[in-house]
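This is what each chain is made of:
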Amino acid sequence: MAHDLKQAAFQVRYGIGAVVAVVALFALGAFTAPNLTFRVYYAVSFVVLAAVGLAIIFGIMGVINLAHGEFILLGAYATTLSATQLGLPLPVAMGVGALVTAVYGLVVERVIISGYVPNWIGQRAVGRNLIKPFYDRLADSMVATFGLSLIMVQGARIIFGNSIDQIGVPFGSTAGYPDYRIALVGITAAVLVAVYLLFTQTTFGTRVRATMQDEQTAKALGINTERTYMITFAIGSGLAGLTGALFAPLLSMQPSLGDQFLVEAFVAVVVGGASVVVGTSLSGLLLGPIDALFSDQFGEFAGRIALLVTAMLALRFLPGGITGVVDDLRDRMGGG
Amino acid sequence: MAAESSASSSSSSPAAPSALGRLRNRLEGPNTIGNSRRFWVGFAVVLLGLVAFPLLGGGTGNQFSLFLVLGLLGLSLSLVWGYSGILSFGQTVFFGVGAYTFGVVSINFPTPGGITGAVVAGTLGGAVVAALLGYFMFYGGVRDVYVTIITLVSTLVMLTFMAQTAGSEWTIGEAPLGGFNGMPGMPLLTLGVEGIFTFQFVFNELELFVPVLGTVTFDPFYYLALALLLAGYLGLRVVVNMDFGRVLVAVREDEDRTQMFGYNVKRAKLIAFTLGGGFAGLAGVLYAARNVYIDPSVFELYFATLPVVWVSVGGRKSLLGAVVATIAVEYLRLNIGGELALVAVGALLLLSILVLPGGIVPWIDEKLTNSNLDVSEIDGTEPSTEVSES
């Protein structure tokens, strides 16, 4: 117990320290080398936003969502269409984008991931379950969601054509850098804080963490694990949709737009490890600057290669990801 | 070895095995489906049909040779994923490396001997890259889904890399890599040694007099691909029914337990991965030779996932399933055509993994041979697999 408290104190102390350091660096950089700072922090938020939805679904449900990029696509399309076709103001349109994706995620979870709907039909029709849930079946969930992603990309192409009209980038620019991108950095921080609070400070978050740690025990203690999974998947999808919504003004609206997120998202989740908030934000902080600096110096190609090489090295030397290192460090310092 | 497998198979000649009996003993075992006389009769009929197909059907034989080449790629993933439990999205990396190696070597040495060497070099190229990547992963302690993600990432690395090789500095000897435009100008696939015997396999319509049909033309490349696919299939059947194949299956079912039993799990996985890389490389060589062209689209994510589609539809734990599903899915994909092809492939994938996670061919086999002992053994492995994957 005392150990736990000490650990918690460690976490809070160093967590706050890290946050202060990141903010201070931003403030310092904004005055000395604004353009470079903004670019690096934007790259960090890109990685974090790309990964957060995927990380939640992977970390908690053990499901790898290869259709993650297409969930982002859905959010971006829903935002763009509700802004251009329905004339909604941009923030509302973004909310619509996130919400639509969350609802879509809910449907996907019920129909495919948990197999609730097919099994319900199966029970009525032939008196047995037709499929098994995909929870913790990593390879199978990858194959299934890849099928889903093919359908979604091609569906978008058939319905909306090869591209749709883009919405303009809001706000002006500071030091030659678009304000909207700077605002995205702040929004990313807000999203991370919200996710952190949701999973650590609410009853729902406790349920989720209990389910993640030990599903059987959680069930025995009266937690409806199936509903927890369902809501988790919806939240993860909603965050993917939000990512799409936020980047909608910046990207060209093509059915393949999800692809550009997929690499960053996977690399960040792999490098980050099991813990959603700590892992994702730390890997964002590691990968973002690498991506931005290499892209600056040697072109976009070098940035991507550097990212992928980093991922491979991270997997090779840190099998538990950054989270594993943090845990190790904490145990050593907290325990000693 | 032969005696051991005869114990598990329902072989007909236990006392003094003839040459055919010994061959059957090597080909049959609990790790493959189709261990009955009935199966081999059916197999021979289908094979005869495939041999006769271009003579009867004419033009489609050319397109069909592509499916046969891709069948080798499907086989490689079946070995790596279905038998060793390594889900790899990287088979197309080895495929592409094989294709590009073939292109580079054959452009630099455009003689029959050089081209034959290029075929070998391409195959080895796929195997070497697989061995390097596999060594890095398996001996580095990377496991399970992280292996999958690394292979996925390496596909994207290759795509990004090859796509930017348009400049003239990316020229190996005489062969420009060509970036997105690809690498044209390979010599036609001509195998053999100068002065002794050479034969050109592509763009060489042969005429043959068949008694009933009259004179028919056929594409020799089709028969080359068919022969290699047949050899690959039978060869891999031998491999997975050897002791080594049993170790692979044990690794798939429970890696830690296999290690506890004293097997070198890392080496087994590396060998399987390398072998798979070689098969994929050979498929790549044939693909490039058939099209006389190769471009970076073979490294695209979509192409990288096609082998996974084939193998999971056909049944990943069955070599036969991989080949059959490759041919069937590719046939469908090219013939549905248009916008709906991708949707159909996606739906097929989704449905097959939802309804028949074991694949179609093992399911058919189970229905056909309900009382067969070998099949019940395959059934018996089913639940434990799920445990090991969870």
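Just so you know, these numbers come straight off a predicted model, no measurement behind them.

Rules used throughout
- Residues numbered from 1 in each chain as written.
- Chains lettered and ligands numbered in written order.
- Predicted model: local features only at pLDDT ≥ 70, side-chain atom pairs only at ≥ 80, totals over all residues.
- Helix = DSSP H or I, 4+ residues; strand = E, 2+ residues; numbered from the N terminus.
- Contact = placed C-beta atoms within 7 Å.
- Expected span 1.5 Å × (residues − 1).
- Buried ≥ 20, exposed ≤ 12 C-beta atoms within 10 Å, placed from the backbone.
- Domains from an automatic or database assignment.
- Nonpolar A, V, L, I, M, F, W, Y, C, P; charged D, E, K, R; others polar.
- Axes fitted to C-alpha atoms, helices over the stretch in contact; angles between N-to-C directions.
- Parallel < 35°, antiparallel > 145°, perpendicular 65-115°, else oblique.
- Left-handed = near helix turned anticlockwise from the far one by under 90°.
- pLDDT = per-residue confidence, 0-100.
- Core = buried A, V, L, I, M, F, W, Y, C linked by C-beta atoms within 7 Å.

### A look at the overall build of chain B
Inference 1: When helices and strands are counted, chain B shows 16 helices and 6 strands.
Inference 2: Relative to all contacts within chain B whose residues are 6 or more apart in sequence, the contacts with residues 24 or more apart total 71%.

### Some remarks on helix α14 (residues 340-355) of chain B
Inference 1: Its 16 residues place the ends of α14(B) 22 Å apart at the C-alpha level, agreeing with the 22 Å of an ideal helix rising 1.5 Å per residue.
Inference 2: Looking at α14(B), one finds that the buried residues are B:Val345, B:Gly346, B:Leu348, B:Leu349, B:Leu350, B:Ser352, B:Ile353 and B:Leu354.

### Observations concerning the domain arrangement of chain A
Much of the literature gives interface size as the accessible area that the parts lose upon coming together.
Residue and element names in this part refer to chain A.
Inference 1: By the assigned domains, chain A splits into domain 1 (53-255) and domain 2 (258-336).
Inference 2: The C-alpha-based centres of domain 1 and domain 2 are spaced at 22 Å.
Inference 3: Each side of the interface is counted separately: domain 1 has 14 residues, and domain 2 has 13 residues.
Inference 4: Secondary structure elements with two or more residues in the side of domain 1 that touches domain 2: α2 (34-61), α3 (68-84) and α7 (179-201).
Inference 5: A breakdown of the residues in the side of domain 1 that touches domain 2 according to their chemical character gives 10 nonpolar, 3 polar and 1 charged.

### Section: the packing of α2(A) against α7(A)
Residues and elements named next belong to chain A.
Inference 1: Interhelical geometry of α2 versus α7 gives an angle of 40 degrees and a closest axis separation of 9 Å. Between α2 and α7, the interaxial angle falls into the category oblique. As α2 runs across α7, the sense of the crossing is left-handed. Listed contacts from α7 to Phe 38, Tyr 41, Tyr 42, Ser 45, Val 48, Leu 49 and Val 52 of α2 are Arg 181, Ile 182, Leu 184, Val 185, Thr 188, Val 191, Leu 192 and Val 195.

### Digging into the confidence of the model for chain B
Residues and elements named next belong to chain B.
Inference 1: Of all residues in chain B, 84% have pLDDT values of 70 or greater, and the mean over the chain is 79.
Inference 2: When mean pLDDT is compared element by element in chain B, helix α11 (residues 265-291) scores highest at 92, while helix α16 (residues 373-389) scores lowest at 41.
Inference 3: We note a pTM of 0.79 for the whole complex and an ipTM of 0.73 for its interfaces.

### Section: the nonpolar core
Inference 1: Core analysis: the biggest nonpolar cluster contains 210 residues, and A:Ala51, A:Val267, A:Ala311, B:Val153, B:Ala225 and B:Ala283 have the highest contact counts within it.
Inference 2: The dominant element in this core, judged by the number of residues it contributes, is α2(A), at 20 residues.
Inference 3: In this structure, this core is formed jointly by two domains, domain 1 (53-255) and domain 2 (258-336) of chain A, each of which donates at least three residues.
Inference 4: Those residues in contact with B:Ala225 that lie beyond four places of it in its chain are B:Ser65, B:Leu68, B:Val69 and B:Leu286.

### Points about the interface of chain B and chain A
Inference 1: Listed per partner, the contact involves 35 residues of chain B and 35 residues of chain A.
Inference 2: Broken down by secondary-structure element, the contributors of at least two residues to the side of chain B that touches chain A are α7 (144-163), α12 (301-314) and α14 of chain B.
Inference 3: A per-element tally of the side of chain B that touches chain A places α7(B) first, with 11 residues.
Inference 4: Among the residues making up the side of chain B that touches chain A, the classes are represented as 23 nonpolar, 9 polar and 3 charged.

### Quick word on the environment of B:Val120
Residues and elements named next belong to chain B.
Inference 1: Positionally, Val 120 belongs in helix α6 (residues 112-138).
Inference 2: By the C-beta count within 10 Å, which is 15 here, Val 120 ends up partly exposed.
Inference 3: Put simply, Val 120 and Asp 256 are 136 residues apart on the chain and 36 Å apart in space, counted from C-alpha to C-alpha.

### A few points about unusual backbone geometry
Inference 1: Even without being glycine, B:Val292 reaches a positive phi, approximately 55 degrees.
Inference 2: Note on placement: B:Val292 falls in the loop between α11 and α12.

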